[in-house]
Amino acid sequence: SLPELLDVSEIQNDTVQGDCKVVIDVGGTTDRVIADAQLSSEVISYQHHALGEMNLNAHLDGRELRMRGAVVAGLEGDMSLRMGDRWPMEFSLRAEQFQAAPLFGLSSDELTIALNGNVRVTGELLFPERIAAKGRVDRLTLGRQDVSIASSEPSDFSWTRDSFEVHSLRLQGETTNMTL
């Protein structure tokens, strides 16, 4: 199961850093607040590895929050959340040549991981056990020094609290051909 594969306690104290500029325009009434915000940072870092620039736009209309934009270089996000009740949410990410090595605490000198694909997460924040994700890896490239492998076809995946499924991921390189 996924909890057995991932020890979340190891990432609970990981460092995310970046100076963030926030500009908010607020209006509406006490019953229905309307706000538009821009969040930006020149560099967001994870575990002291730079992930790139962040530029997000948010819109709040009463209890409905929508946020979209560049989460970091190569990663676009779109989130909607309804505050109250069960706090339903939907979150989508689209990766275009996203450099993922820093997420594993590695520099690009040690390993390159380039990812193209998307993921959609849905659920209710009051019931995190019901949150689920589905996505597709369009292209995954891994490289270390002179060795490189890449996915040869798109691969779909799904995640729930109890399972992580990859539907046939095929990686090929000069001397490598493997299917997961």
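Residues numbered from 1 in each chain as written. Predicted model: local features only at pLDDT ≥ 70, side-chain atom pairs only at ≥ 80, totals over all residues. Heavy atoms only, no water.

**Notes on the pairing of strand S2 (residues 21-28)**
Right, on to step 1. Along S2, only zero of the eight residues are buried, which leaves the element largely exposed.
Right, on to step 2. With eight bridges joining them, S2 and strand S3 (residues 33-46) adopt antiparallel strand pairing. Residue pairing for S3: Gly27 is matched across the bridge by Ile34.
Right, on to step 3. The turn joining S2 and S3, which pair antiparallel and follow one another in sequence, is formed by four residues. (Buried < 20%, exposed > 50% of the residue type's maximum accessible area, 1.4 Å probe, protein only. Helix = DSSP H or I, 4+ residues; strand = E, 2+ residues; numbered from the N terminus. Pairing = 2+ DSSP bridges.)

**What about the packing of aromatic side chains?**
Right, on to step 1. The final tally for this structure, using the stated rule, is one aromatic pair.
Right, on to step 2. On the basis of an interplanar angle of 45 degrees and a centroid distance of 6.2 Å, the ring pair of Phe157 and Phe164 is categorised as tilted.
Right, on to step 3. Given the relative accessible area of 18%, Phe157 is considered buried.
Right, on to step 4. Assessed through its relative accessible area of 43%, Phe164 is described here as partly exposed. (Phe/Tyr/Trp six-rings, centres within 6.5 Å; stacked < 30°, edge-to-face > 60°.)

**What about the confidence of the model for the chain?**
Right, on to step 1. Averaged over the chain, the pLDDT score is 89; the fraction of residues at 70 or greater is 93%.
Right, on to step 2. Note that pLDDT drops below 50 for residues 1-8; the model gives that stretch seven contacts with residues more than four away or on any other chain. (pLDDT = per-residue confidence, 0-100. Contact = heavy atoms within 4.5 Å.)

**Here's the deal with the environment of Leu125**
Right, on to step 1. Topologically, Leu125 is positioned in the loop between strand S8 (112-124) and strand S9 (127-144).
Right, on to step 2. C-alpha separation for the pair Leu125 and Asp85, spaced 40 residues apart in sequence, amounts to 9.9 Å.
Right, on to step 3. Setting aside anything within four residues of it in sequence, one finds Leu125 in contact with Leu81, Arg86, Trp87, Met89 and Ile131.

**Things to note about the side chain of Ser45**
Right, on to step 1. Structurally, Ser45 can be placed in strand S3.
Right, on to step 2. Not counting residues within four places of it along the chain, the set of residues in contact with Ser45 comprises Thr15, Val16, Gln17, Ala50 and Leu51.

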